[in-house]
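Summary of structural features
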Amino acid sequence: MKLGTPAAPILETPRLILRGWRPEDLAPYAAMMADAGTARFITRKGLPYSQDQTWAEMALIVGHWQLLGFGLFVVEERAGGAFLGRVGPLRPPGYPGLEIAWGLAHAARGKGFAVEAARAAIDWSFETFPLTRIVSLIHPDNFASQRVAERLGERRTDAQYAPFHDLCDIWEIRRDHWAGR
């Protein structure tokens, strides 16, 4: 039995395709989530995930799309179709706003992919939903994500939130500051 395709639209940038999740994404996503450096800031306990834990997270992401109409996209490289990571809007219960989150496989970092993908996800989110702001929850020690947020025009607020195990700084971009970026 095969279910329908995920509800995610396809977004394209010059180098990337942002799309919904497929069963064949499990292997590269599990490899990404098994990396300790990647897991440190994006898993619930800051520890690498097993393949079973990664499968459960993929199901949660697809469920987020089905229940709320938005969620994390797969980030795929246009040239060759390589799985690079995930980016997109989230808002589990209790979150301080709609978050744009990103996480890339180790080999995809440092090439501007996170900014390019997050920019597309922010554009889509502001175009699709009546939001006044978008947030990103970033661990105070996650300097790479802080640089991505700065390149997106996000600013750190004075507020913090603990989505998982540690307090994270709340970064934000307001709709009126995003227009024309």
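Preceding block: the structure.
Residues numbered from 1 in each chain as written. Predicted model: local features only at pLDDT ≥ 70, side-chain atom pairs only at ≥ 80, totals over all residues. Heavy atoms only, no water.

Glancing now at the overall build of the protein chain. Tallying secondary structure elements over the protein chain gives six helices and eight strands in all. Along the protein chain, from the amino end to the carboxyl end, the secondary structure elements read β-β-α-α-α-β-β-β-α-β-α-β-β-α. Compactness check: the protein chain gives a C-alpha radius of gyration of 15 Å against a globular reference of 16 Å for 181 residues, within 12% of the reference. Seen through its C-alpha atoms, the protein chain measures out along the principal axes to roughly 45 × 30 × 30 Å. Expressed as a percentage of its 181 residues, the buried residues of the protein chain come to 49%. Summarising the internal contacts of the protein chain: among those between residues at least 6 apart in sequence, 60% fall at separations of at least 24. On the protein chain, roughly 9300 Å² of surface is accessible, and the fraction owed to carbon and sulfur atoms is 55%. Computed over 21 positive and 20 negative side-chain charges, the inter-centroid distance for the protein chain is 1 Å. (Helix = DSSP H or I, 4+ residues; strand = E, 2+ residues; numbered from the N terminus. Rg over C-alpha atoms; globule rule 2.2 N^0.38 Å. Buried < 20%, exposed > 50% of the residue type's maximum accessible area, 1.4 Å probe, protein only. Contact = heavy atoms within 4.5 Å. Areas by Shrake-Rupley, 256 points an atom, 1.4 Å probe, with all protein chains shown as cover. Lys, Arg positive; Asp, Glu negative; His and termini not counted. Charge placed at Lys NZ, Arg CZ, Asp CG, Glu CD.)

This paragraph deals with the environment of Gly80. Summarising the element assignment, Gly80 is placed in the loop between strand 3 (73-77) and strand 4 (83-90). Relative accessible area serves as the criterion here: at 81%, Gly80 is assigned to the exposed category. Linking Gly80 and Asp176, residues 96 residues apart in sequence, is a C-alpha distance of 36 Å.

Our focus in this paragraph is the packing of aromatic side chains. Summed over all chains, the structure comprises nine aromatic pairs. When the centroid spacing of 5.7 Å and the interplanar angle of 50 degrees are considered together, the rings of Trp65 and Trp124 count as tilted. Of this pair, Trp65 sits in helix 3 (residues 51-68) while Trp124 sits in helix 4 (residues 113-128), and the two are 59 residues apart along the sequence. Here Trp65 matches Trp124 in class, with each residue buried. On the numbers, 5.6 Å between centres and 85 degrees between planes, the contact of Trp124 with Phe129 is edge-to-face. The same class applies to Trp124 as to Phe129, namely buried. Site record: aromatic cluster; members linked through ring pairs are Trp65, Phe70, Phe73, Trp124 and Phe129. (Phe/Tyr/Trp six-rings, centres within 6.5 Å; stacked < 30°, edge-to-face > 60°.)

For helix 1 (residues 26-33), the full list of buried residues reads Leu26, Tyr29, Ala30, Met32 and Met33. Down the axis of helix 1, the buried set is contained in an arc of 160 degrees. They therefore lie on one face. Those residues of helix 1 that are exposed and angled more than 90 degrees off the buried face are Ala27 and Ala31. Against helix 2 (36-42), helix 3, strand 4 and strand 5 (99-104) lie the buried residues of helix 1. (Arc of directions from axis to C-beta.)

Attention shifts here to the environment of Gln51. When you line up the elements, Gln51 lands in helix 3. What makes Gln51 partly exposed here is its relative accessible area of 49%. The sequence separation of Gln51 and Pro130 amounts to 79 residues, and the corresponding C-alpha distance is 37 Å. Each residue touching Gln51, except ones within four places of it in the same chain, is listed here: Leu26 and Ala30.

This brings us to the nonpolar core. Membership of the largest hydrophobic core comes to 50 residues, with the highest contact counts inside it found for Leu18, Tyr29, Val87, Ile100, Trp102, Ile134 and Leu152. If one sorts the elements of this core by residue count, helix 4 sits on top with ten residues. Once residues lying within four places of it in the same chain are set aside, the contact partners of Val87 are Leu18, Gly71, Leu72, Phe73, Val75, Ile100, Ala101, Trp102, Ala117 and Ala118. Counting five residues, the second largest nonpolar core, distinct from the first, contains Tyr95, Val135, Cys168 and Ile170. (Core = buried A, V, L, I, M, F, W, Y, C linked by side-chain atoms within 4.5 Å.)

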